[in-house]
Amino acid sequence: MKTVTRFIAPVLCALIGAFSVGAALAQSTPPVPAAAEGKNAIESIQASQSGGGIQIKVGLKQALEGQIGSFSVSNPARIAIDLPGTSNATGKTVQPVGEGDVRNINIVQVADRTRLVINLLRPLSYETRVEGNNLVISLAVATAKSPEATTTARFAEQKGGPDNHAIRDIAFRRGKDGEGRVVIDLSDANTGIDIRQSGSNLVVDFLKTSLPERLRKSLDVTDFGTPVTNVTTTQQNGSVRMVVKPTGLWEHNAYQTDNQFVLEVKSVQEDPRKLVQGTSRAVKYAGEKLSLNFQNIDVRSVLQVISDFTNFNIITSDSVTGSLTLRLKDVPWDQALEIILQAKGLDSRKNGNVIWIAPREELAAREKLELESKAQVNDLEPLRTETFQINYHSAKIIFDNVLKDKDKTILSKRGSVIADERSNKLIVTDTPGRLDDVRRMLNDIDIPSRQVLIEAQIIEAEDTFQRNLGARFGIHSTGGTSNGRNAVGSTITDTGYHTGQVSDTPDFLTDGTMWNGAASAISGQQAGSFALTLWNAAATRFLNLEISALEADGRGRVVSRPRVMTADQIEAVIEQGVEIPYQQATSSGATSVSFRKANLALKVKPQITPDGRVSMALDINKDTPNTTISTGAGIAIDTKHVKTDVLVENGGTVVIGGIFQQTVTGTLYKVPLLGDIPVLGFFFRQDSKKDNKTELMVFITPKILTDQVVFR
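I will try to describe carefully the structure that is included in this document. (Residues numbered from 1 in each chain as written. Predicted model: local features only at pLDDT ≥ 70, side-chain atom pairs only at ≥ 80, totals over all residues. Heavy atoms only, no water.)

1. Overview of the overall build of the protein chain
Here is step 1 of the chain: Each helix and strand in the protein chain was counted, giving seven helices and 42 strands.
Here is step 2 of the chain: A buried classification covers 37% of the 712 residues belonging to the protein chain.
Here is step 3 of the chain: Nonlocal contacts in the protein chain, meaning residues at least 24 apart in sequence, comprise 63% of its contacts between residues at least 6 apart.
Here is step 4 of the chain: Total accessible area computed for the protein chain in this model is approximately 40000 Å², and 50% of it derives from carbon and sulfur atoms. (Helix = DSSP H or I, 4+ residues; strand = E, 2+ residues; numbered from the N terminus. Buried < 20%, exposed > 50% of the residue type's maximum accessible area, 1.4 Å probe, protein only. Contact = heavy atoms within 4.5 Å. Areas by Shrake-Rupley, 256 points an atom, 1.4 Å probe, with all protein chains shown as cover.)

Shown next as structure tokens:
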């Protein structure tokens, strides 16, 4: 008994984007307590087989209010049920089922509603009904007449709010992976959106939405180099329709964040050896499912059955013989074909809609002969000469690094190349096929280099503090009386310190009994003083006392901002300063004048990483002449140097180095014993204190200069 069962899944267009959003939310959204979003809540989910189908019962906290929204897709097979005013109280985001064709249920709570995404093994038809506090979902095998097979995908349901919505702006951007992004700014987040595929185009309808006159146009976005070539937006019967025209193999994804709706269209790489195109790499088999049940059937007959099922043209080699017994149920046809070929030691080659099947050895020998014949043709094929203009690169560098070495070049053995440096052109002579290879290679490498602006900020901060305290006193006597005597009994006449004295005669340092501990000057600035004089009743003897003090507090900051712009992976140097001459002895014994730089210099080599950051090799110098230190060979130079490699975000700022220095000194001069007397000892001391702080910091900010790829 030979039976062939064919399961053809209904095609539901334009629902892939909606399910991508639902699946992503199902994997990442944590459960939210029921009281957080609404009155009602999902408390339990149970699944059981009933008759020929599956019944899913959703237990709710109370009877469901509002309209239930639902839609389904066939690839991948899923059904989405939206419950308004309901939260998730099950504590789970994924409910395993494992009954029949139902794998599991994702529970996704968004704002005031909860979406149940039922993941299926194959498309099923469904019905929903409310029984008290329960929602019952009945699943059955979908038929060609099933209404779900033609359901239009609704990305976002119309929610409560204003009856009329509006589109504020439409923009087109190119993503980092070459995908096309249509970005629509909406007046509010409650706009209803429908997405569907119509032929080779994507159609997006914005329900009950108005479109400004300036946005009613067709945008030609071919120059962006994405799968999208045109975006046309029109107003139709109170709604807005957007038609997106992609080319080639593509897939789309849609998501919405607040008032912004984004539709992404990206290319799908076509593999000519793959039997089913347009599927992701993660899915190995994606053909329509079939069931095969044969006893001792000829291999050619099985291949004929698969040919009838797939509408592919299958050519079988005469060496394909034998029979097999197999039973396959609900297996993708491309997987079934591979199983049959492996069982009989066969292999296949696909060219368009024709599949060639033969033993592996026969196919390998045939391909070997083809390659040998192509090699012989290349040896006899006439040569052509073509001139390639190099725009952004150097023809000499391309010649030296890529085309010069005969063992590593993409040219054939008969090919030759000449680099003209004056016109920056390459003159290549080779077969037409190799010239095409050279052209593709030049298109990949002859591109403008991205520019990077590097800004450095070098800050030197200085905080100085100095304080000097001191006192001096002396004895003065007039009239030559014997009342004033020194320590040895001699008469003191006009000796000692005079208050306000400016002359040096008599010299109070040597001519009288006195103490001189006046505060010293700071940077040429004399100390302030307070003087006091005591005398006797006859005004013949005087005691002079002076207290002096000086305090200096200074703050300074030097900011240097060198900046330089360079191309990616090209080293740049910028410097500014002076060259200091100095004498240097030569080998003959004579002297010569040499120069040493004292510059502010920035040397950098940036590299733009694939994720948009900037890696930099930095070498920064901050040299200044020090005129306070001078030798016979010349002036000394204060040097500050930083050399490092850093990785910085585009437009970000990083501190790559810092030096903090603090100098604290204190000096005390005093008369032994007398200077240690509490309070009075101050008059026999001279105190000086310094506290200097300096700090150096280096900041780096790289900015990638690039044109924003935006079409408005």
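2. So, a nonpolar patch on the surface
Here is step 1 of the chain: On the surface, Ile475, Phe530, Leu532, Leu534 and Leu543 cluster together to form a nonpolar patch covering roughly 460 Å² of accessible area.
Here is step 2 of the chain: With three residues, strand β33 (residues 528–535) is the largest single contributor of residues to the nonpolar patch.
Here is step 3 of the chain: Within the secondary structure layout, isoleucine 475 lies in strand β31 (residues 451–477).
Here is step 4 of the chain: When its relative accessible area of 34% is taken as the criterion, isoleucine 475 is described as partly exposed. (Patch = residues over 30% accessible without salt bridge, like charges linked within 9 Å, V, L, I, M, F, W, Y side chains within 5 Å. Salt bridge = Lys/Arg side-chain N within 4 Å of Asp/Glu carboxyl O.)

3. Description of the nonpolar core
Here is step 1 of the chain: With 26 residues, the main nonpolar core has Ile167, Ile184, Phe206, Met242 and Phe261 as its most contacted residues.
Here is step 2 of the chain: In this structure, Leu290, Ile306, Ile314 and Ala336 belong to the second largest nonpolar core, which totals 24 residues. (Core = buried A, V, L, I, M, F, W, Y, C linked by side-chain atoms within 4.5 Å.)

4. Quick word on the pattern of salt bridges
Here is step 1 of the chain: Summed over all chains, the structure comprises 22 salt bridges.
Here is step 2 of the chain: Glutamate 264 serves as the salt-bridge partner of arginine 181, at 3.0 Å between the closest nitrogen and oxygen. Of this pair, arginine 181 sits in strand β14 (residues 180–186) while glutamate 264 sits in strand β22 (residues 260–267), and the two are 83 residues apart along the sequence.
Here is step 3 of the chain: Among the residues examined, glutamate 264 registers a relative accessible area of 15% and is labelled buried.
Here is step 4 of the chain: Within the structure, one salt-bridge network assembled from shared partners comprises Glu179, Arg181 and Glu264.

5. Looking at the packing of aromatic side chains
For any two aromatic rings, the description comes down to two numbers: the centre-to-centre distance and the angle of the planes.
Here is step 1 of the chain: Going through the model one piece at a time under the given rule, you end up with three aromatic pairs.
Here is step 2 of the chain: Each ring, one from phenylalanine 206 and one from phenylalanine 261, has its centre 5.9 Å from the other, and the planes form 85°; the classification is edge-to-face. Here the residue phenylalanine 206 occupies a position in strand β16 (residues 201–206), and phenylalanine 261 occupies one in strand β22, the gap between them amounting to 55 residues.
Here is step 3 of the chain: Accessibility expressed as a relative area gives 0% for phenylalanine 206, which makes it buried.
Here is step 4 of the chain: Positioned above the aromatic ring of tryptophan 356 is the side chain of arginine 366, whose terminal nitrogen or guanidinium carbon lies 5.1 Å from the ring centre. (Phe/Tyr/Trp six-rings, centres within 6.5 Å; stacked < 30°, edge-to-face > 60°. Lys NZ or Arg CZ within 6 Å of the ring centre and 35° of its normal.)

6. Topic: the pairing of strand β21 (residues 250–257)
Here is step 1 of the chain: The pairing of β21 with β22 spans eight bridges and is antiparallel. Residue pairing for β22: histidine 252 is matched across the bridge by valine 265.
Here is step 2 of the chain: The turn linking β21 back onto β22 is made up of two residues, and aspartate 258 within it adopts a positive phi angle of 55°. (Pairing = 2+ DSSP bridges.)

7. Description of helix α3 (residues 299–310)
Here is step 1 of the chain: Helix length check: α3, at 12 residues, gives a terminal C-alpha distance of 17 Å against a target of 16 Å (1.5 Å per residue), a fit within 8%.
Here is step 2 of the chain: Turning to α3, its buried residues are Val299, Val302, Leu303, Ile306, Ser307, Phe309 and Thr310. Looking down the long axis of α3, one finds its buried residues gathered within 165° of arc, a one-sided arrangement.
Here is step 3 of the chain: Sitting at the head of α3, aspartate 298 places a side-chain oxygen 3.0 Å from the backbone nitrogen of arginine 300.
Here is step 4 of the chain: Among the residues trailing α3, asparagine 311 stands out with phi positive, at a value near 65°. (Expected span 1.5 Å × (residues − 1). Arc of directions from axis to C-beta. Polar contact = N/O pair within 3.5 Å; in protein donor to acceptor, adjacent residues only side chain to side chain.)

8. A word on the sheet that holds strand β27 (residues 354–359)
Here is step 1 of the chain: Pairing in this open sheet of three strands is mixed, and the strands run β24-β27-β26 from one edge to the other. Pairing within the sheet leaves two strands with one partner each, and these edge strands are β24 (313–316) and β26 (346–351). Ignoring which end each strand starts from, the neighbouring axes of this sheet average 25° apart.
Here is step 2 of the chain: As paired elements, β24 and β27 share four bridges and run parallel to each other. Each bridged residue has a counterpart across the sheet, and for isoleucine 314 the counterpart in β27 is isoleucine 355. (Axes fitted to C-alpha atoms, helices over the stretch in contact; angles between N-to-C directions.)

9. Some thoughts on the pairing of β22
Regular strands have side chains that alternate between both faces of the sheet.
Here is step 1 of the chain: Summarising the sheet, β14 and β22 pair through six bridges and their orientation is antiparallel. Its bridge partner being in β22, glycine 180 is matched across the sheet by valine 265.

10. Quick look at the environment of asparagine 311
Here is step 1 of the chain: Mapped onto the elements, asparagine 311 comes out in the loop between α3 and β24.
Here is step 2 of the chain: Taking the C-alpha atoms as reference points, asparagine 311 and asparagine 353, 42 residues apart in sequence, are found 8.3 Å from one another.

11. Quick look at unusual backbone geometry
Here is step 1 of the chain: Even without a glycine there, the phi angle at asparagine 296 is positive, about 50°.
Here is step 2 of the chain: Here asparagine 296 lies in strand β23 (residues 289–298).
Here is step 3 of the chain: Of note in the backbone geometry, aspartate 330 takes a positive phi value of approximately 55° without being a glycine.
Here is step 4 of the chain: With respect to the element layout, aspartate 330 can be found in strand β25 (residues 323–332).

All quantities given are derived from atomic positions and should not be read as evidence of function.
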